[in-house]
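Observations on chain architecture
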Amino acid sequence: MIRTRIAPSPTGDPHVGTAYIALFNYVFSKKNGGQFILRIEDTDQSRSTNKSKNQIIDSLKWLGLSWDEGPDVGGAFGPYVQSQRTDIYAKHAEILLERGEAFRCFCSSERLSGLRTQQMRSGDGKVGYDGHCLSLTQEEIDTKLRSGEPHVIRLKIPSHGTSVVKDEIRGDVEIPWSQVDMQILLKSDGMPTYHLASVVDDHLMKITHVLRGEEWINSAPKHLRLYEAFGWEAPKLIHLPLLRNPDRSKLSKRKNPTSINYYRKIGVLPETLLNYLGQMAWSMPDGKDQFSIDEMTDSFDLDRISLGGPIFDQDKLNWLNGKWIRSLDADQLAERMMSWMFNPEYLKKILPMLQPRLNNLGDIGRFSSYFLSGHIDVDKEDLVSKKLSPEQVNQALNWGMWRLEELEEWSSEEISKALKDCSKELDLKLRDFLSPFYPAITGMKSATPLFDTIEVLGNDLVRARLRDASKSLGGVSKKKEKLWKSLYESKKNERLKAELYSLKLEIEVSDLSGKDLSRKLLDGVNLNGKDLE
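This write-up is about the structure you can find in this document. (Residues numbered from 1 in each chain as written. Predicted model: local features only at pLDDT ≥ 70, side-chain atom pairs only at ≥ 80, totals over all residues. Heavy atoms only, no water.)

Turning our eyes to something else, we now look at the pairing of strand 1 (residues 3–6). The side chains of a regular strand alternate, first on one face of the sheet and then on the other. Residues R3 and R5 of strand 1 are buried on one face, and the alternating residues T4 and I6, pointing to the opposite face, are buried as well. Following the backbone out of strand 1, through helix 1 (residues 16–31) and into the adjacent parallel strand 2 (residues 35–38), one traces a crossover that is right-handed. (Buried < 20%, exposed > 50% of the residue type's maximum accessible area, 1.4 Å probe, protein only. Helix = DSSP H or I, 4+ residues; strand = E, 2+ residues; numbered from the N terminus. Right-handed = clockwise from strand over helix to strand, strands pointing away.)

Read across the sheet, three strands follow the order 3-4-7 without closing on themselves; strand pairing throughout is antiparallel. Strands with a single pairing partner mark the edges of an open sheet, and in this sheet they are strand 3 (102–105) and strand 7 (184–186). Direction aside, the axes of adjacent strands within the sheet are offset by 45 degrees on average. (Pairing = 2+ DSSP bridges. Axes fitted to C-alpha atoms, helices over the stretch in contact; angles between N-to-C directions.)

Moving on, we come to helix 2 (residues 50–63). Compared with an ideal rise of 1.5 Å per residue, which puts 14 residues at 20 Å, helix 2 spans 20 Å between its outermost C-alpha atoms and is within 8% of the ideal. Along helix 2, the residues that are buried comprise S52, K53, I56, I57, S59, L60, W62 and L63. Looking at the buried side of helix 2, the elements it contacts are helix 1, strand 2, helix 8 (260–265) and helix 9 (270–279). (Expected span 1.5 Å × (residues − 1). Contact = heavy atoms within 4.5 Å.)

The next point concerns the packing of helix 13 (residues 344–354) against helix 20 (residues 450–457). Angle between the axes and distance between the axes are the two parameters that describe a pair of packed helices. As a packed pair, helix 13 and helix 20 sit with axes 11 Å apart at the nearest point and diverge in direction by 170 degrees. On the basis of their axis angle, the class for helix 13 and helix 20 is roughly antiparallel. The crossing of helix 13 and helix 20 is left-handed. For the pair helix 13 and helix 20, contact is made by Y346, K349, I350 and M353 and by D452, T453, V456 and L457, respectively. The residue inventory of the contact of helix 13 with helix 20, partitioned by class, reads five nonpolar, one polar and two charged. (Parallel < 35°, antiparallel > 145°, perpendicular 65-115°, else oblique. Left-handed = near helix turned anticlockwise from the far one by under 90°. Nonpolar A, V, L, I, M, F, W, Y, C, P; charged D, E, K, R; others polar.)

For the rest of this paragraph, the subject is the packing of aromatic side chains. The final tally for this structure, using the stated rule, is 17 aromatic pairs. Relative to F437, the ring of F433 lies with its centre 5.1 Å away and its plane at 40 degrees, an arrangement referred to as tilted. Relative accessible area serves as the criterion here: at 0%, F433 is assigned to the buried category. Its relative accessible area of 0% is what places F437 among the buried residues. Sitting over the face of the ring of Y129, R154 holds its NZ or CZ atom 3.9 Å from the ring centroid. (Phe/Tyr/Trp six-rings, centres within 6.5 Å; stacked < 30°, edge-to-face > 60°. Lys NZ or Arg CZ within 6 Å of the ring centre and 35° of its normal.)

For residues that are not glycine, phi is negative in most cases, and the peptide bond is trans in most cases. A cis amide bond links G78 to the next residue, P79, at an omega of 0 degrees. Residue position: P79 is located in the loop between helix 2 and helix 3 (86–98). A positive phi angle, near 60 degrees, is found at K206, a position not held by glycine. Note on placement: K206 falls in the loop between helix 6 (194–204) and strand 8 (209–213).

Bringing the pattern of salt bridges into the picture now. Applying the stated criterion to the full structure yields 29 salt bridges. Linking R39 and E41 is a salt bridge whose minimum nitrogen-to-oxygen distance equals 2.9 Å. In this structure E41 comes out as buried when scored by relative accessible area, which is 3%. A network of salt bridges, in which partner residues are shared, links R5, R39, E41, R85, D201 and D202. (Salt bridge = Lys/Arg side-chain N within 4 Å of Asp/Glu carboxyl O.)

Here we take up the packing of helix 17 (residues 412–425) against helix 20. Put simply, helix 17 and helix 20 touch, their axes get as near as 8 Å, and they point 120 degrees apart. The angle between helix 17 and helix 20 places the two elements in the oblique class. Remark: the crossing between helix 17 and helix 20 carries right-handed chirality. Residue-level inspection shows S412, I415, S416 and L419 of helix 17 in contact with helix 20, the latter providing F451, D452, I454 and E455. Taken together, the residues that form the contact of helix 17 with helix 20 break down as four nonpolar, two polar and two charged.

Rendered as structure tokens:
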């Protein structure tokens, strides 16, 4: 029986790319009478959250996708969350060590960082682990293990030759082994990397076909090498083309909204989004552009997959959404409108903010438009401040957008704190800093309380509106964005260090990177491993 899977990482907003890959795995399995499995790959414990996991499950269900096995429905091959399977991965890493297919690496992060710097400077194109610990004797390894020296487990790969990746739609793809790194399989904390966990799970869960994005082609030799090392038959591989921005760059939230939640929020129908994602790499035999998931499944054929770079065009998505909306009868449309925004749950969130402004119930439309819209029209003149130059306004909008992107908790209190931090970092009065945020987010110079409004609108929609407002001011050049981003990261490091000091941690923080500081704050422990008081 054909078995496919979607295996998202719960590290952020549910991505349209996840829905795209899930759709093709779903229709391929169902077309062939097979089964479709959902697996959560949360091996990156520093970034994975239950909130993200739940949002992924909710978003895929909203789209109309269902699975035969998964963390919420169970199945014969569970658990379906990787963090609950760590013993399985440790056992299989030991099997590779016993067979001589993997080795223990005791190299410090300092040595590896120096190695990377040296390789980059050499300019010979060779970047990756140099096999230093391959030469350790068993006696040396045992001594290091007894002393408790931290280490990882790496995969052994051939020193020469070529790996041939057999792709069901691309044919044979040849990748020299010299371009393949000795991949870490098990990290020093005992957690597996994606590569080990994915291969072990696909085998144990009897996955027969892996449909995934083409960005994984270069990792395929490592995965095939693992299957060979374990003595397992590898599943058939199908690498789908990447979704792209209109400028043909990889689809990224830096340039366009990528969250399923955003499109759900602005009123895109789930049928539309699946329909449009299906068009990204496939077409109906009769050429029609509006089709349901059942119609796609009935007509699906791998031979009709196009390998050209599909452009995710929001204008085309909106046009297609209009066709779907007009295909509904009045009762169906009313039901969709109520489930979208016109329901007690959502109205109870916005009415307390609007009520003080109402003299008649009929005033609701005038004051609530920005709560019931996706894109809003922003007058460039409303963004311009008497106290700030257009460049300062643009910087403030981008600075605020970057800071809001990082929030773990989306609440008016955290939003307030984040934006106040931004005003201090830019050395601006809070009133001046916030002045362009009202028109950028609501289309009005004055509106409902800003922080509460931002909370209700949600991070996806707010980020999109801030991005649109920045574009209306002329946007930001790559050079300027790089400069601002560098300054932002510098200020962020200073802020995180100050927060650590305020918690009275007895650690040296002057040489820490922002990433390390962020992790320590999120983990709630200091660098000496002591619990926060």
